[in-house]
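# Notes for the structure review
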Amino acid sequence: MQAPSLFLDDVDLALVLFDPSRPDTFTGVDYWLKQLAHRGHLCRTVLVAVRTDVGQLSLSSAELEAFCRERNIS
């Protein structure tokens, strides 16, 4: 079940958190990017890694950079 997208009107900056140790981590990121785009309001988006102290990364720096570049994420 996905979280409801509440209070996304008039967003100027979105901090999208993700767990880089999960193999499916970008699924949640894509969900929130779609919610932001669905509102028709383009805003700057910053991807923030969480739980980096608990486990190993499941993706490389190059994969992360490519994902962000494709989606215009800081």
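None of the values given here were measured: they were computed from a predicted structure. (Residues numbered from 1 in each chain as written. Predicted model: local features only at pLDDT ≥ 70, side-chain atom pairs only at ≥ 80, totals over all residues. Heavy atoms only, no water.)

## Let's talk about the overall build of the protein
Across its full length, the protein carries 2 helices and 2 strands. Looking at the 74 residues of the protein, the share that counts as buried comes to 30%. Nonlocal contacts in the protein, meaning residues at least 24 apart in sequence, comprise 84% of its contacts between residues at least 6 apart. (Helix = DSSP H or I, 4+ residues; strand = E, 2+ residues; numbered from the N terminus. Buried < 20%, exposed > 50% of the residue type's maximum accessible area, 1.4 Å probe, protein only. Contact = heavy atoms within 4.5 Å.)

## Considerations on the packing of aromatic side chains
The full count for this structure, using the stated rule, is 3 aromatic pairs. Seen in terms of ring centroids, Phe-26 and Phe-67 are 3.7 Å apart; in terms of plane orientation they differ by 10°. Their pairing is stacked. Of this pair, Phe-26 sits in helix α1 (residues 25-38) while Phe-67 sits in helix α2 (residues 61-71), and the two are 41 residues apart along the sequence. One exposure class covers both Phe-26 and Phe-67, and it is buried. (Phe/Tyr/Trp six-rings, centres within 6.5 Å; stacked < 30°, edge-to-face > 60°.)

## Remarks on a nonpolar patch on the surface
A surface patch of nonpolar side chains, about 310 Å² in accessible area, is lined by Leu-13, Leu-15 and Leu-17. Of note, Leu-13 is situated in strand β1 (residues 13-18). (Patch = residues over 30% accessible without salt bridge, like charges linked within 9 Å, V, L, I, M, F, W, Y side chains within 5 Å. Areas by Shrake-Rupley, 256 points an atom, 1.4 Å probe, with all protein chains shown as cover. Salt bridge = Lys/Arg side-chain N within 4 Å of Asp/Glu carboxyl O.)

## Structural notes on the nonpolar core
Counting residues in hydrophobic clusters, the biggest one holds 14 residues, and the most contacted among them are Ala-14, Val-29, Leu-47, Phe-67 and Ile-73. At the level of elements, β1, α1 and α2 are the ones that each hand at least two residues to this core. (Core = buried A, V, L, I, M, F, W, Y, C linked by side-chain atoms within 4.5 Å.)

## Some thoughts on α1
Taking 1.5 Å per residue, 14 residues should reach 20 Å; α1 reaches 21 Å between its end C-alpha atoms and fits that length. Buried within α1 we find Thr-25, Phe-26, Val-29, Tyr-31, Leu-33, Gln-35 and Leu-36. The inward-facing, buried residues of α1 contact β1, β2 (44-49) and α2. (Expected span 1.5 Å × (residues − 1).)

## Re unusual backbone geometry
The phi dihedral of Asn-72 falls on the positive side, at around 55°, and the residue is not glycine. For Asn-72, a relative accessible area of 69% translates into the label exposed.

## Describing the pattern of salt bridges
One pass over the structure, following the stated rule, counts 3 salt bridges. A salt bridge links Arg-71 to Asp-30; the shortest N-O distance between them is 2.8 Å. Note that Arg-71 is positioned in helix α2 and Asp-30 in helix α1, a separation of 41 residues in sequence. A cluster of three or more residues bridged by salt bridges with shared partners is formed by Asp-30, Glu-70 and Arg-71.

Spatial relationships are all this shows, so hold off on functional conclusions.
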